[in-house]
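So you can see what is in the structure, the chains are spelled out below.
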Amino acid sequence: MALNFELDKLEKELKKRKPKRVLVQLAEGIKQNAAEIAKVFEKLGIEIIFSGETAWGGCSIALQEAEALKANLIVHFGHAKFINVKFPVLYVEVKDELNLEPILKKSLSHLKKFKAIGLSYSIQHRHDIEKVKIFFESHGKKVALSKKIGFAAHEGHVIGCEYGGLKAIQKDVDAFVILGNRFHSMGAAIAVEKPVILLDVYNDEITNTDGIRNKILKQRAISIQKLKDAKNVGIIIEIKPGQRFGSPKYLVDKLKEKGKNPIVITMNEMTPEKIMNFYHIDAFIELACPRIAVDDFAKYPKPILTFKEALVALEIKSWEDFLNQGAV
Ligand code: SF4
């Protein structure tokens, strides 16, 4: 990894904004770079406090921490802007400067049968995407970047809870190529019905996610059935401003109409340990990151569903609509 935090640019921005105390959030993979980042702030005489809480995505804005600490600014490294909040936040997307040529060349044999490809990237590869597009075009491919839709910050940008931009170009492509990691390609595999090829530059691997879609959807259908059978239901809401996928009040009303006993539980971040003591709950609906239910279901002792899945269990949406809208 050759990470570029563009600290010169940050320094200029800080000089302009003149904050006195800054709360810095670092994505999980770059927490090890805290000391290097601290220097810029110290040089300018700005008090800096790092958040030690998890920052899985641009959704995890540490508003409560910043307010409690009376910080004037949050600087969030490693993700793109996700939502607007009523607090000054500066996002530093962070570039990973890599030589992509070897993996691009290697990918051609995996892409032989596909003429038109949809291309998406995780944020640290944004600066390279034009070169990647030109590479594929020079090898006879027709390339379309996924659309900037919903939570995606840029054309081609993909995040784990937003695949609308890929779905929008699905009919025009034979396959999708994701420059990112397994997390992004797995989400894409559930959301779209075309083959998804992951270029994993960190492990120097190219993976076709064939078969994953059906496996995951089968598991999700089992969880949906378990919510249908459940009597006592916990609705988990997190306090992170970007992680509010669906209305708890709406779900409470709908669950009651079906004769169930719902309760609403708030958490800073949900974990299996925290929900363990709610013994009497038969199934949970989590309104935080939808990928917790989809990716981490095996870690939880009870069924965990997303908002969209709950709508299917409550017969408000059909399974077909659920699939058409992207499943994540
Ligand atoms: S909600 Fe989940 S998938 Fe979406 S940005 Fe946040 S951590 Fe990533």
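None of the values given here were measured: they were computed from a predicted structure.

**Q** With reference to specific residues and values, describe the overall build of the chain.
**A** Looking only at helices and strands, one finds 13 helices and 15 strands in the chain. Compactness check: the chain gives a C-alpha radius of gyration of 21 Å against a globular reference of 20 Å for 328 residues, within 12% of the reference. Based on the C-alpha atoms only, the size of the chain along its principal axes is roughly 60 × 55 × 30 Å. Burial analysis of the chain (328 residues in total) assigns 54% to the buried set. Residue pairs at least 24 apart in sequence account for 66% of intrachain contacts in the chain once pairs closer than 6 positions are excluded. Carbon and sulfur atoms provide 53% of the accessible area of the chain, an area that totals close to 15,600 Å².

**Q** Could you give an account of the site of the ligand, naming the residues involved and the relevant values?
**A** For the ligand, the full set of nearby residues is Trp 56, Cys 59, Phe 82, Gly 160, Cys 161, Phe 183, Gln 243, Phe 245 and Cys 289. Here the residues of the shell around the ligand are counted per class, giving seven nonpolar, two polar and no charged.

**Q** Just give me the short version of the nonpolar core, but keep the residues and values in it.
**A** Counting residues in each nonpolar core, the largest one holds 39 residues, and the members touching the most others are Leu 166, Leu 227, Leu 251 and Ile 285. With five residues, the top contributor of residues to this core is helix H12 (residues 307-313). Those residues within four positions of Leu 227 in sequence are excluded, and the remaining contacts are Val 233, Lys 260, Ala 283, Ile 285, Leu 305, Ala 310 and Ala 313.

**Q** Explain the pairing of strand E14 (residues 283-286) to me, and be specific about the residues and the numbers.
**A** Taking every second residue as pointing to the same face, both faces of E14 are buried, with Ala 283 and Ile 285 on one and Phe 284 and Glu 286 on the other. Pairing geometry for strand E12 (residues 232-238) and E14, over four bridges, is parallel. Its bridge partner lying in E14, Gly 234 is registered against Phe 284. Bridging between E14 and strand E15 (residues 304-305) involves two bridges; their strand directions are parallel. The residue bridging Ile 285 from the neighbouring strand is Leu 305, located in E15. A crossover links E14 with its parallel partner E15, the connecting element being helix H11 (residues 290-295), and its sense is right-handed.

**Q** Explain the pattern of salt bridges residue by residue, including any values.
**A** In total, this model carries 23 salt bridges according to the counting rule given. The closest approach of N and O atoms between Arg 21 and Glu 47, which form a salt bridge, is 2.9 Å. With Arg 21 in strand E2 (residues 21-26) and Glu 47 in strand E3 (residues 47-50), this pair connects stretches of sequence that are 26 residues apart. Given a relative accessible area of 27%, Arg 21 falls into the partly exposed group. The salt bridge partner of Lys 106 is Asp 204, with a shortest N-O separation of 3.4 Å.

What counts, and at which threshold
- Residues numbered from 1 in each chain as written.
- Predicted model: local features only at pLDDT ≥ 70, side-chain atom pairs only at ≥ 80, totals over all residues.
- Heavy atoms only, no water.
- Helix = DSSP H or I, 4+ residues; strand = E, 2+ residues; numbered from the N terminus.
- Rg over C-alpha atoms; globule rule 2.2 N^0.38 Å.
- Buried < 20%, exposed > 50% of the residue type's maximum accessible area, 1.4 Å probe, protein only.
- Contact = heavy atoms within 4.5 Å.
- Areas by Shrake-Rupley, 256 points an atom, 1.4 Å probe, with all protein chains shown as cover.
- Near = heavy atom within 4 Å.
- Nonpolar A, V, L, I, M, F, W, Y, C, P; charged D, E, K, R; others polar.
- Core = buried A, V, L, I, M, F, W, Y, C linked by side-chain atoms within 4.5 Å.
- Pairing = 2+ DSSP bridges.
- Right-handed = clockwise from strand over helix to strand, strands pointing away.
- Salt bridge = Lys/Arg side-chain N within 4 Å of Asp/Glu carboxyl O.

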